[in-house]
Amino acid sequence: MFKALLIKEFRLILRDKQALAALFIMPAIFILIMSMALKDTFNSERSLVDYAVVDLDKTAESAALGSFLKVDKGLHEEKISLTDAAGRQTALRGELDFVVEIPAGFTAELGQGVALGPRRLKLYAAADIKKEMLELFQARLLNGVQQLRLENLRKELTPLLSEAVLTLAADKFKGFELPPEALLKLSFNGRFKGQRPTSTQQSVPSWIVFGMFFVIIPLSTIFIGERRQNTLLRLRAMNVSTPALLLGKIVPYILINQLQMWLMIAVGMYVVPLFGAEALTLGRSISGLFLVSFGLSLTAVGTAMLIAVVFDTVEQATTIGGIINILLGAVGGVMVPTFYMPKVMQSLAGMSPMAWGLDGFLDLFLRGLGPQAVLPEFGKLVFLGLFLLCLAGVIFERKVKSL
Amino acid sequence: MIAIKNLSKFYGDIRALDQLELKIGRGVIFGLLGPNGAGKTTLVSIMNGLLDFDAGEIEILGLELKANPGAIRRRSAFIPQALALYDNLSVIENLRFFAGIQKLSGAVLRANLDYAISVNRLEGMLNQRAGTLSGGQKRRLNIAIGLLNNPELLYFDEPTVGIDPESRNQILETIRACKDDAKTVIYTSHYLPEIEKICDEVAIIDHGRIVLQGRLESLLQEEKTDAVIFTLLNSSRPQLEVIAGRYEDLEVVDGATLLLARQSAVRIGHLLEILEREKIAVKEIRYGTTDLEALFLRLTAAGGADV
């Protein structure tokens, strides 16, 4: 009997093109789009800021100031000539984030140590520049100015110092020429050696969670159709109990959720790199993946069953189901990561089962943790899923009895 | 085969079945008639174990229903009025699915499938999606699903609603074939000529009670009357009740139907005059009704329900 229920459910889903699109194609496309859209945000090799330098000073020192900025891989200098204000404005509206103008006489006055006043550096920023980027660029530029001043100071002091002092100073100042990697070792929390968080690692879990909840649409559509067409009545007249009916829904959709998850992982690993973003790397815990995905499935199927038994028409179920899905996703950090949210919203996010599942997946994909780390999320999801399923069963039984 | 004693069912304060008594023998086609809301669906749902009941005793196929619902269901089949099948599955997939639900396999599965397919003439459409079948073909598939477990007892709920005459005849033939195979059929329908055509016995249910039961032939013989049925336009029940109050042997069936128990040209002419005076148009007059419809209308007239 159970085999017949499974085969029937799979046949109905496979023949529902909209359901297949919602379950498999939509999350796969989201993963591709989001991985590509955010790839530069997580990639330290790619420039985050494009800028141009307008050097009106035209000295060796002013050229050196420009080259200080070039050291940073996140900053990319566009070699374009910007001779007037109009050109500068056009550039800032289009391809550039910053324009640095070094006024004539700037380095000379800097070397003399006089108050700069009218010969200050001018920094023009695009209107949509992020606050963090502005601060980082300013810091980098001012760091360059400080290095220039140190260099000037060194040049002025050198003739005044003895050979012994100069030798000592040369030894002591060696560190200044060291590359940042020699002074600073960067490691991301929990990742394996040499691995960095990428946009793919961030995107894939989000859209797996979101996609898994889309079982609400086919499950409720098929279930309500069965109820309205009296096939459920007929099944009951053929000795099929309510628990067996529910189990006949739960198991296929859990399997579909598993298929979705592995398909999305495959998209992250093999398709996303074809479009230029970095490939997904699996965490160290496959069992952890099963735990989180099983908990998520149970909650998603429980939500879908509840919607399917409460509402009487497919239109109601798909509309309400879609709204619930989007709200849970928005609150749960699928669309906007929770770390961007204010504290109040972050607390609210903690109430969304999508946030629990997402947190579990991020523990595995991003933080490289093991199955024990996801047990709290797994427990919450299983508890909620079972509660929703029991509630759906009770409501269904009451509706059937009041035939 | 079926024995029901003192069966009562309440929906809140509403008494759907009122100490109903019914006996049905083996191997007959039994017509269950009644106006809408009379209790037919409730009775059939209870007999199929889909609804609980509040009082009474039900014995089906020699088994007590409350104690053996599963065993009774395995030996019976309910064919609902609504097409209880999957439009997105083919005919054979539908049949195999419902056979699987009933745990049929091997030789029994093959034999029962062949029987259900041949009796319902589905051979030429096995791989067609159910959703693409005509209304009549869908009804036949609906019946075929009910025959899969080779039931001894079949419940047909309005099996010919909304289909063409040819498909209707095919379905009626299928039901007769079931009887020929020694199956017992309980048949509910609003098409009284159909009931007359295929049923051996009938029971009329009204207000949750059986108001008449017996072999169709003898009931019609006893009921042989000269009744005349007037179907009216622009009339209302209160208006007709005033007329009936002044007129002997005249019964109000509903807001648009009058039944004159004895036929005579003078009485009919007199009644037509009254109706004309009351500005009530006559749509149809049927004479000499010795058929089931007259019997049904007379017995259920007091309740004023529609057929």
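On a predicted model such as this, the values are computed, not experimentally measured, just so you know.

J.: Teacher, can you tell me more about the overall build of chain A here?
T.: In terms of helices and strands, chain A carries 17 helices and 4 strands. Looking at chain A as a whole, 43% of its 403 residues qualify as buried. Working note: accessible area of chain A is about 20600 Å², and carbon and sulfur atoms make up 65% of it.

J.: Help me understand the side chain of B:K9, please; the structure alone is not making it clear to me.
T.: Residue and element names in this part refer to chain B. For K9, the position within the fold is in strand β1 (residues 2–11). At 4.8 Å, D54 is the nearest oppositely charged side chain to K9, a buried residue that forms no salt bridge. At 3.1 Å, the side chain of K9 and the backbone oxygen of D52 are in polar contact. Not counting chain neighbours up to four residues away, the residues in contact with K9 comprise I14, R15, A16, L17, T42, I46, L51, D52, F53 and D54.

J.: Looking at this model, I keep getting lost on the domain arrangement of chain B. Mind explaining?
T.: Interfaces are often sized by the accessible area lost when the parts come together. Assigned domains of chain B: these are domain 1 (2–216) and domain 2 (225–289). A straight line from the C-alpha centre of domain 1 of chain B to that of domain 2 of chain B covers 37 Å.

J.: What is the right way to look at the packing of helix α9 (residues 199–212) of chain A against helix α12 (residues 242–271) of chain A in this model?
T.: Residue and element names in this part refer to chain A. Look at α9 against α12: their axes get within 10 Å of each other, and the N-to-C directions meet at 155°. As the angle between them shows, α9 and α12 are arranged roughly antiparallel. The element α9 and its partner α12 pack so that their crossing is right-handed. Between α9 and α12, the contacting residues are T200, V204, I208, G211 and M212 on the first element and N257, Q260, M261, M264, I265 and G268 on the second. For the contact of α9 with α12, the class distribution of residues is 6 nonpolar, 5 polar and no charged.

J.: Help me understand the environment of A:G385, please; the structure alone is not making it clear to me.
T.: All names here are of chain A. If you trace the backbone, G385 turns up in helix α17 (residues 375–401). Between the alpha carbons of G385 and D359 there is a distance of 17 Å; along the sequence they are 26 residues apart. Once residues within four sequence positions are removed from consideration, G385 is found in contact with L298, T299 and G302.

J.: When you look at the packing of helix α3 (residues 60–70) of chain A against helix α6 (residues 131–157) of chain A in this model, what are you seeing that I'm missing?
T.: For any two helices packed against each other, the geometry comes down to the angle between their axes and how far apart the axes lie. Residues and elements named next belong to chain A. Contact geometry of α3 with α6 gives a least axis separation of 9 Å together with a crossing angle of 135°. By the criterion of interaxial angle, the relationship of α3 to α6 is oblique. With respect to the hand of their crossing, α3 and α6 are arranged in right-handed fashion. Listed contacts from α6 to E61, A64, L65, F68 and L69 of α3 are F137, R140, L141, G144, V145, Q147, L148, N152 and K155.

J.: Would you explain the environment of A:E132 in this entry?
T.: Residue position: A:E132 is located in helix α6. For the pair A:E132 and A:S287, spaced 155 residues apart in the sequence, the C-alpha separation amounts to 39 Å.

J.: Hey, could you run me through the domain arrangement of chain A in this one?
T.: Here the domain parsing of chain A yields domain 1 (2–41 + 194–401) and domain 2 (49–160). Distance between the C-alpha centres of domain 1 of chain A and domain 2 of chain A: 51 Å.

J.: Sorry if this is basic, but what is going on with the pairing of strand β7 (residues 153–157) of chain B here?
T.: Put simply, side chains in a regular strand alternate between the two faces of the sheet. All names here are of chain B. β7 sits mainly inside the fold: 5 of its 5 residues count as buried. Burial along β7 is two-sided: L153, Y155 and D157 and L154 and F156, pointing in opposite directions, are all buried. As defined by bridge partners, strand β6 (residues 76–79) adjoins β7 across 4 bridges and the pair is classed as parallel. Residue pairing across strands places F78 opposite Y155, the latter belonging to β7.

J.: What is the right way to read the nonpolar core from this model?
T.: The nonpolar side chains of a soluble globular protein tend to be buried, and buried together. Ranked by internal contacts, the top residues of the largest apolar core, which has 128 residues, are A:L235, A:M305, A:F361, B:L95, B:L141, B:L148 and B:Y187. The greatest single-element share of this core, amounting to 12 residues, is contributed by helix α13 (residues 286–310) of chain A. Setting aside anything within four residues of it in sequence, one finds B:L141 in contact with B:L85, B:V91, B:N94, B:L95, B:L122, B:A130 and B:L133.

J.: Sorry if this is basic, but what is going on with the packing of aromatic side chains here?
T.: Two measures describe an aromatic ring pair: the distance that separates the ring centres and the angle between the ring planes. In this structure the tally under the stated criterion is 13 aromatic pairs over all chains. Note on A:F294 and A:F378: the rings are 6.5 Å apart at their centroids and 35° apart in plane angle, and the pair reads as tilted. Of this pair, A:F294 sits in helix α13 while A:F378 sits in helix α17, placing them 84 residues apart in sequence. Three or more aromatic residues joined by ring pairs make a cluster, and in this case those are A:F30, A:W207, A:F210 and A:F214. Its end group placed over the ring of B:F98, A:R234 keeps NZ or CZ at 5.8 Å from the ring centre. Sitting over the face of the ring of B:F53, B:K66 holds its NZ or CZ atom 4.3 Å from the ring centroid.

Conventions we followed
Residues numbered from 1 in each chain as written. Chains lettered and ligands numbered in written order. Predicted model: local features only at pLDDT ≥ 70, side-chain atom pairs only at ≥ 80, totals over all residues. Heavy atoms only, no water. Helix = DSSP H or I, 4+ residues; strand = E, 2+ residues; numbered from the N terminus. Buried < 20%, exposed > 50% of the residue type's maximum accessible area, 1.4 Å probe, protein only. Areas by Shrake-Rupley, 256 points an atom, 1.4 Å probe, with all protein chains shown as cover. Lys, Arg positive; Asp, Glu negative; His and termini not counted. Salt bridge = Lys/Arg side-chain N within 4 Å of Asp/Glu carboxyl O. Polar contact = N/O pair within 3.5 Å; in protein donor to acceptor, adjacent residues only side chain to side chain. Contact = heavy atoms within 4.5 Å. Domains from an automatic or database assignment. Axes fitted to C-alpha atoms, helices over the stretch in contact; angles between N-to-C directions. Parallel < 35°, antiparallel > 145°, perpendicular 65-115°, else oblique. Left-handed = near helix turned anticlockwise from the far one by under 90°. Nonpolar A, V, L, I, M, F, W, Y, C, P; charged D, E, K, R; others polar. Pairing = 2+ DSSP bridges. Core = buried A, V, L, I, M, F, W, Y, C linked by side-chain atoms within 4.5 Å. Phe/Tyr/Trp six-rings, centres within 6.5 Å; stacked < 30°, edge-to-face > 60°. Lys NZ or Arg CZ within 6 Å of the ring centre and 35° of its normal.

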